[in-house]
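Notes for the structure review
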Amino acid sequence: MRTLASYRKPSMSASQRAAYLAIALAAIGLWFTPTVRADETPAAGASSEKSDDTDKGDALDQALKTKPAEAVAEEEDYETRRQREKEARKVEHLPPPKNGTLLAKNGRAWIDREKNVVYVDGRISLRKGQLEMFACPPNTKEHESIVSVESEAFVLHAGLLAVGAEIGSPVEFAPKYKPPTGTKINIEVIWKDKEGKQHKARAQDWIRDARTKKPMELPWVFAGSGFWKNEELGTGGYLADDGDLVCVANFSTAMLDVPAKLTSDNTGLLYEAWTEKIPPLGWPVRLAFKPVLEDDEAEKTESDKPEAE
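Notes on the structure follow. (Residues numbered from 1 in each chain as written. Predicted model: local features only at pLDDT ≥ 70, side-chain atom pairs only at ≥ 80, totals over all residues. Heavy atoms only, no water.)

On to the pattern of salt bridges, then. Across all of its chains, the model carries 13 salt bridges by this definition. A salt bridge links Glu85 to Arg82; its shortest N-O distance comes to 2.4 Å. Placement of both Glu85 and Arg82 in helix α3 (residues 69-88) is noted, with a separation of 3 residues, approximately one turn of the helix. Its relative accessible area of 13% is what places Glu85 among the buried residues. For Arg82, a relative accessible area of 34% puts it in the partly exposed group. In this structure, Glu272 engages Lys213 in a salt bridge whose closest nitrogen and oxygen atoms are separated by 3.0 Å. Taken as a pair, Glu272 in strand β16 (residues 271-273) and Lys213 in the loop between β10 (207-209) and β11 (220-222) lie far apart in primary sequence, 59 residues in all. Overall, Glu272 belongs to the buried group, its relative accessible area being 15%. It is possible to trace a salt-bridge network through shared partners that takes in Arg82, Glu85 and Arg89. (Salt bridge = Lys/Arg side-chain N within 4 Å of Asp/Glu carboxyl O. Helix = DSSP H or I, 4+ residues; strand = E, 2+ residues; numbered from the N terminus. Buried < 20%, exposed > 50% of the residue type's maximum accessible area, 1.4 Å probe, protein only.)

In this section: the packing of aromatic side chains. Applying the stated rule across the entire model yields 4 aromatic pairs. For the ring pair Trp191 and Trp206, a centre distance of 5.2 Å and an interplane angle of 65° mean the geometry is edge-to-face. You can see Trp191 sitting in strand β8 (residues 184-192) and its partner Trp206 sitting in the loop between β9 (198-202) and β10, a full 15 residues away along the chain. Look at Trp191 and you get buried, because its relative accessible area is 11%. It is Lys277 that lies over the ring of Trp274; its NZ or CZ is 3.8 Å from the centre. (Phe/Tyr/Trp six-rings, centres within 6.5 Å; stacked < 30°, edge-to-face > 60°. Lys NZ or Arg CZ within 6 Å of the ring centre and 35° of its normal.)

Dropping the structure here:
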């Protein structure tokens, strides 16, 4: 959760202070210099004063036009980044998954019952900075989430239930801490690069520990979020639709959460985006949610057993 302090402007650099000082000095000089109307003829000896006035005007113009090198670099970087994001958003999504059944008409989420996988398309919303989420619904917590998915959270919740995942319980903070529980959910990221080559990665590999710089190893569990209802107005909804879709810090409203005590306080966030591994802002990606079911675990255990001689 961002605090007021997190929105304060950073202190000015030396070059920025110099530029602002030049502007202030030039402005003060103009304020105390008598002006001469265009139809007036300067008196004898006034030519030097006019020259001074012109010089001061030039100084002010120059100060206003000249930006500190750092500010120019930041502006260019911002403009370049936004232009790249604009271009990335023109890149089309992957075609619908084979054997996928669309979950809702107003989104890009599918279910594959044969593979027990829920797919959802999204775009990169953040590449650098601290994280509260890995993924969020649109227009919610994109400033703290790597991927903004193109589906409502409750739709994905229903999809996970349909492929066999079981709801556990959200995190509890009082009277004592209890971690979230539920079916373990593996998340895979699928995307194509600029050359059209397809890539896959664990979602955890896009997230790293801010202290150790190692990838996140915690799993996600299907905590299930919850529902709210206003009895007087007769309205209600799914809590995770406000942003808490796939969390990397504990939230009692999370659909998927990490089963460990991780604060959502801005000063104690543990994880950050692994910039070098993440495609450009706005780039289309697909998330594959695969529940780790008991049957799958049993089959894996059987296959790991040595063959009888």
